Amino acid sequence: IGGGAAAFGFIEAHRAAGLTDTITVFGDEPQPLYNRVLLPHYISGANPWSELVKASAADLQERGVAFHPGVRIAAIDRAQRQVVDAAGNRHPYDLLILATGSRAAKHYQGPLPRSGVYFLRKRSDAESIRDQAGHGRRLIVIGGGILGLELADALHHLGSVVTVLQRSDQLMGRQLDRQAAQLLAKALGERGIAIRFRAEVEEIQSAKDGHATGVKLKDGKVLPCDAVVFATGTAPNAELARSALLDCSTGVVVDRHFRTNDPAIFAIGEVAEWNGKVAGTTRAAEEEARQLVEFLRGNLHSPYRGPFNANVLKVSGVPCASAGDTEDDQPGCQSVTYHDPFAGIYQRAVVRDDRLVGIVMYGDTAGFSEYARQIDEGIELDDRRNTLLRGGTAVAPVEGKLVCSCNGVGQDTITRTIREQSATGTCSLASVCAGSRAGTSCGSCRPEVARLLTHHQATTSVTLPAMAG
C-alpha cells in the first residue's frame, strides 16, 4: 500500500533479486510512481513531469506488477488477510507491506482560510501552488527546512516575492550547524528571498471571500500575501495501521526486519519506526526496501543499522549537504573544520572513537557521498583521520565536474558511461543513470545527465566522406 520511494525501491530490489512473487500496488493518487522529492523543481519548471516519473503503469506491467492508481485502501482485515478499498472491494494478500509515507505537518492550531493555503505532498498540490506563483505575487513559505527552502527557491524562480518564516534562529536546524546555516541564509538573502527568524504565526488572515491575505506574527507584525505554503515537516500516515490495531508510536513500530506485531504485515519508509527512528529521505526509504527484500529471500543476517538520513539541498548554485550527527558537544567528539570565506566554502567533520559520525558541507560538496558512506558503515578512520576535508585517500576522487552530489559522480564518469553504452547500442537516459549511478537517488541531476547525453548524440553523428571521383 503506497506509491512512493519505498514502494518503488521494493519493486526494483525484488525483481533485481530474481524473485517472481506476484506484487500488487495500491496508490491513492491517480498518478504513476514518481519522485516526490522533485516536486519543487516541477513547480519551477526545472524538471518536467516526465522526469519525475519513476515507473508508469506500462513499466510496472513489464515487471509483472499489478498497479492500481487512485485506489485508496480504507481498512485491513487481518483475520482474513485482506485489504478493503474505499469502494468496499476486498483484495487478498499473503504478505502486506505498508509504504504509506507521510503527510504534511501543520504545527499551527488556528483556523485556515478556505483558499490560498497549501501543503506540498503530491502533484495536484504542486500544480495548485504553481498557479498562485508569478511575477510580483507575494508568497509566504512557513518553514525553513529543506522542503521550505527548495520551494522558496522555486517560487522565486517564477518571479514571486517570497518570504520564508522560520520559528527558530537558523535554517535547516536538524541538518546544519550554525556557521553553515548563516552562510546559507546569506546566500538566499542575496538571491532575493527574504527570511524572518523567530517568526511564530499567530493568525492567517483572509478576505471576505475566504482567500488568504496575510500572516500575523506573534510579535504583532502582519505580512500581506497572495498565498501561504506550509513546509513545516511531516507526520507518518499510520492511521490505517492504527485502525488495524497494529503497534504504533509516531509511526508503525517494526523490528530490524520491518515486521509489525502481525507476522504477515511489514512497514517501510516514512511510515515505519524502528528504535524510535523514522526514515526521512528517499535514500533511507529505498535502503529499507532493499533490506526487506533480503529478509524475504531468506537472508536473516543483513546488517540493518536503522534509517540513515543524508541530506542534499537542491537549490541551484548553493551546494549544501549534511549527514549523520553534526553536533560535536557530546563526550568524546572532536571536529575538523575547513573554512574559506573568500571562496564561500565551509566544511566540518565530526569524529568520535576514530569514526566519522557527522559531516556538514557548504559551498563545495565534492566527496559528500563517500563521507556519508563512511558514516553509515561506521568505518574506522585510522590514517584517513589526517586527510579529512583535505582530499587524499579519505574521499574517492570525482572524475570531472561534480554532477551528482548524492552519489559523488562527476561529468567525466557520465560521459565515459555514455560512450561505452553508445558503442554497444544500449544507451538511454535510464541506462546511463544506472551505469554511472548519477541521478539514481534524489534525481535532481537527471536533467544534466540528459544534457550530456544529448550533447554526445549531437556531436558524434556519423558523417560519411564524399566518394572519390
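That block above? That's the structure.
Everything numeric here is computed off the predicted structure, so don't read it as measured data.

Parameters and conventions
- Residues numbered from 1 in each chain as written.
- Predicted model: local features only at pLDDT ≥ 70, side-chain atom pairs only at ≥ 80, totals over all residues.
- Heavy atoms only, no water.
- Helix = DSSP H or I, 4+ residues; strand = E, 2+ residues; numbered from the N terminus.
- Rg over C-alpha atoms; globule rule 2.2 N^0.38 Å.
- Contact = heavy atoms within 4.5 Å.
- Lys, Arg positive; Asp, Glu negative; His and termini not counted.
- Charge placed at Lys NZ, Arg CZ, Asp CG, Glu CD.
- Expected span 1.5 Å × (residues − 1).
- Buried < 20%, exposed > 50% of the residue type's maximum accessible area, 1.4 Å probe, protein only.
- Salt bridge = Lys/Arg side-chain N within 4 Å of Asp/Glu carboxyl O.
- Pairing = 2+ DSSP bridges.
- Right-handed = clockwise from strand over helix to strand, strands pointing away.

1. Here we look at the overall build of the protein
Stage number 1. In terms of regular secondary structure, the protein is built from 13 helices and 29 strands.
Stage number 2. Here the C-alpha atoms of the protein give a radius of gyration of 23 Å, agreeing with the 23 Å that 2.2 N^0.38 yields for 469 residues.
Stage number 3. Each principal axis of the C-alpha distribution contributes one length, and for the protein these read about 80 × 65 × 60 Å.
Stage number 4. Restricting to contacts in the protein with at least 6 residues of sequence separation, those with at least 24 account for 58%.
Stage number 5. One way to put it: in the protein the 50 positive side-chain charges average out to a point 3 Å from where the 52 negative ones average out.

2. Structural notes on helix H6 (residues 146–157)
Stage number 1. Its twelve residues give H6 an end-to-end C-alpha distance of 17 Å, which sits within 8% of 16 Å, the value for a rise of 1.5 Å per residue.
Stage number 2. Along H6, nine of the twelve residues are buried, which leaves the element largely enclosed by surrounding structure.
Stage number 3. Turning to H6, its buried residues number three or more, namely Ile146, Gly148, Leu149, Glu150, Leu151, Ala152, Asp153, Ala154 and Leu155.
Stage number 4. Where H6 terminates, the next one or two residues include Gly159, which has phi positive at roughly 95°.

3. Thoughts on the pattern of salt bridges
Stage number 1. A complete count under the given rule lists 26 salt bridges for this structure.
Stage number 2. Ionic pairing is found between Arg198 and Asp169, a salt bridge with its closest N-O pair at 3.3 Å. Here Arg198 is found in the loop between strand S13 (194–197) and strand S14 (201–206), whereas its partner Asp169 is found in the loop between strand S12 (161–166) and helix H7 (178–191), with 29 residues between them in sequence.
Stage number 3. According to the relative accessible area criterion, Arg198 is exposed, its value standing at 60%.

4. Some words on the side chain of Asp125
Stage number 1. Within the fold, Asp125 resides in helix H5 (residues 123–132).
Stage number 2. No salt bridge is formed by the buried Asp125, whose closest oppositely charged neighbour, Lys122, lies at an N-O distance of 5.2 Å.
Stage number 3. For Asp125, the contacting residues outside a window of four places in its chain are Phe119 and Leu120.

5. Quick word on the pairing of S12
Stage number 1. For S12, the tally of buried residues reaches five of six residues, placing the bulk of the element in the interior.
Stage number 2. The sheet contact formed by strand S11 (residues 138–142) and S12 spans five bridges and is parallel. Across the sheet, residue Ile142 finds its bridge partner in S12, namely Leu165.
Stage number 3. Tracing the backbone out of S11, into H6 and back to the parallel element S12 gives a crossover that is right-handed.
Stage number 4. Relative to S13, S12 is paired through four bridges, and the arrangement is parallel. Opposite Leu165, over in S13, you have Arg196 as the bridge partner.

The analysis is restricted to geometry; functional conclusions fall outside its scope.
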